[in-house]
Amino acid sequence: MPSKTSRLTGVKALLFDVFGTVVDWRSSVTDELSLRIFRKQQSSSGRSEEEASSSLSPALRTRLEALAQSDWDRFVQEWRDSYNAFTRAFDPATDEWKSIDEHHRESLVELLRRWDLEGLFTESEIRSLSLVWHRLAPWPDSAEGLERLHGRYTTATLSNANTSILRDLSDFGGLVFDKVFSAETFRAYKPDPGTYLGAVRGLGLRPEEVALVAAHMKDLRAARDLGLGTIYVERPAEEEWGREEERFLEARGWVDLWVAEGEGGLLGVAEKLRELEGVD
């Protein structure tokens, strides 16, 4: 699809949403949860009744046996949805600051309760599992795409994840960023204007000299309203807006650069932006 490329010719820096845009949170979290459930079931099977009682209760074993992979996929999605609900509801003017690490742990405890899975994990296991968000695999194109963009633009994160998550994801996935901006930096969660404008100030630039790269239209719309450029990267199952919704169709008129699914992800961003070099 033709994009409004002239809007990006003056861009000097790229801000990147991370969860879903740069890293594949869904596969990473699902894989770790599935492995932990498998180990729990294995540790209880083949034991005497006395040994099994020290790990999982009969009720928990029965509950686990009733859950299919599709249920665990839904569990993970609900965990992610709780994150979205938390960040949207947070009011920096009145709410005490809570990090995403804190939220992930608390929401996991609540989710286990609602799914009748209390007692499945110990406190230390809950803590460890809640930190899976520090160990998310990047999309296959992310590391190389960021490397290609790195020399031509200042690259920085702009994520609702706290700073320690972002630094760990960079180390874990070999992701190159010049700067790390987090909602924690500004004590406000996207789409609060303070996050976008705070990052722009942190770069020492003007809004029109910065573009946001994201797989979520709501994020891009908030950035656009503040004067930033917009680069949309389609990722599997990431977009909340339906493809036939009017707002999604209208977005094709205002998104500055659109990298469709199958067009290379961040490698596609690098290629398309290189094509713009020299365009008036």
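Every value quoted in this text rests on a predicted model; they were computed, and no experiment measured them. (Residues numbered from 1 in each chain as written. Predicted model: local features only at pLDDT ≥ 70, side-chain atom pairs only at ≥ 80, totals over all residues. Heavy atoms only, no water.)

For strand S2 (residues 154-159) and strand S3 (residues 179-182), the ladder comprises four bridges, and the chain directions are parallel. Directly across from Thr-157, in S3, lies its bridge partner Val-180. Tracing the backbone out of S2, into helix H8 (residues 163-173) and back to the parallel element S3 gives a crossover that is right-handed. (Pairing = 2+ DSSP bridges. Helix = DSSP H or I, 4+ residues; strand = E, 2+ residues; numbered from the N terminus. Right-handed = clockwise from strand over helix to strand, strands pointing away.)

Here we come to the packing of helix H7 (residues 142-150) against helix H13 (residues 265-276). For the pair H7 and H13, the least separation of the axes is 7 Å and the interaxial angle reads 25 degrees. Classed by the angle they form, the pair H7 and H13 counts as roughly parallel. Across the interface between the two elements, Ser-142, Glu-144, Gly-145, Leu-146, Arg-148 and Leu-149 of H7 pack against Leu-266, Leu-267, Val-269, Ala-270 and Leu-273 of H13. The class makeup of the residues in the contact of H7 with H13 is seven nonpolar, two polar and two charged. (Axes fitted to C-alpha atoms, helices over the stretch in contact; angles between N-to-C directions. Parallel < 35°, antiparallel > 145°, perpendicular 65-115°, else oblique. Contact = heavy atoms within 4.5 Å. Nonpolar A, V, L, I, M, F, W, Y, C, P; charged D, E, K, R; others polar.)

Considering all chains together, one arrives at 25 salt bridges under this definition. Note that Glu-78 and Arg-74 form a salt bridge whose closest N and O atoms lie 3.5 Å from each other. Linking Glu-78 with Arg-74, this pair stays in helix H4 (residues 69-89), spanning four residues, or about one helical turn. For Glu-78, a relative accessible area of 22% corresponds to the partly exposed category. Residue Arg-74 is classed as partly exposed on the basis of its relative accessible area, which comes to 44%. Taking the shortest distance from any N to any O, the salt bridge between Arg-88 and Glu-240 comes out at 2.6 Å. Here Glu-240 lies in the loop between strand S5 (229-233) and helix H12 (246-254) and Arg-88 lies in helix H4, a separation of 152 residues in the sequence. Taking relative accessible area as the criterion, Arg-88 reaches 44% and is therefore assigned partly exposed. The class for Glu-240 is partly exposed, based on a relative accessible area of 39%. Among the charged side chains, a network of salt bridges with common partners joins Asp-71, Arg-74, Glu-78, Glu-110, Arg-113 and Arg-114. (Salt bridge = Lys/Arg side-chain N within 4 Å of Asp/Glu carboxyl O. Buried < 20%, exposed > 50% of the residue type's maximum accessible area, 1.4 Å probe, protein only.)

For helix H5 (residues 100-114), spanning 15 residues, the distance from its first C-alpha to its last is 20 Å, which sits close to the expected 21 Å at 1.5 Å a residue. Ile-100, Asp-101, His-103, His-104, Ser-107, Leu-108, Leu-111 and Leu-112 are the residues of H5 that are buried. End-on view of H5: buried residues confined to an arc of 155 degrees, all on one side of the axis. Check the buried side of H5 and you find it contacts H4, helix H6 (123-130) and H8. At the exit of H5 stands Asp-116, carrying a positive phi of roughly 60 degrees. (Expected span 1.5 Å × (residues − 1). Arc of directions from axis to C-beta.)

Right, let's talk about the confidence of the model for the protein chain for a bit. Averaged over every residue, the pLDDT of the protein chain is 93; residues scoring 70 or more account for 93%. Confidence drops under pLDDT 50 across residues 48-54; counting only partners more than four residues distant or on other chains, this segment forms four contacts. (pLDDT = per-residue confidence, 0-100.)

This brings us to the environment of Arg-39. Along the chain, Arg-39 turns up in helix H1 (residues 25-44). We classify Arg-39 as exposed; its relative accessible area is 52%. When the C-alpha positions of Arg-39 and Glu-96 are compared, they lie 37 Å apart, and in sequence the two are 57 residues distant.

Structurally, the position occupied by Lys-190 is in the loop between helix H9 (183-186) and helix H10 (193-203). Residue Lys-190 is classed as buried on the basis of its relative accessible area, which comes to 8%. Of the polar contacts made by the side chain of Lys-190, one reaches the side chain of Asp-219; its length is 2.7 Å. Look past the residues within four positions of Lys-190 in its chain and what remains in contact with it is Asp-17, Thr-87, Leu-158, Ser-159, Asn-160, Thr-195, Tyr-196 and Asp-219. (Polar contact = N/O pair within 3.5 Å; in protein donor to acceptor, adjacent residues only side chain to side chain.)

Moving on, we get to the sheet that holds strand S6 (residues 257-259). By definition, the strands of a sheet pair up through backbone hydrogen bonds, in either a parallel or an antiparallel sense. If you walk across this open sheet you meet the six strands as S3-S2-S1-S4-S5-S6, and the pairing is parallel. Of all the strands in the sheet, the pair left with one neighbour each is S3 and S6. Between one strand and the next, the sheet's axes are offset by a mean angle of 20 degrees, whatever the strand orientation. Alignment of strand S1 (residues 13-16) against strand S4 (residues 210-214), held across four bridges, turns out to be parallel. For Leu-14, the partnering residue across the bridge sits in S4 and is Ala-211.

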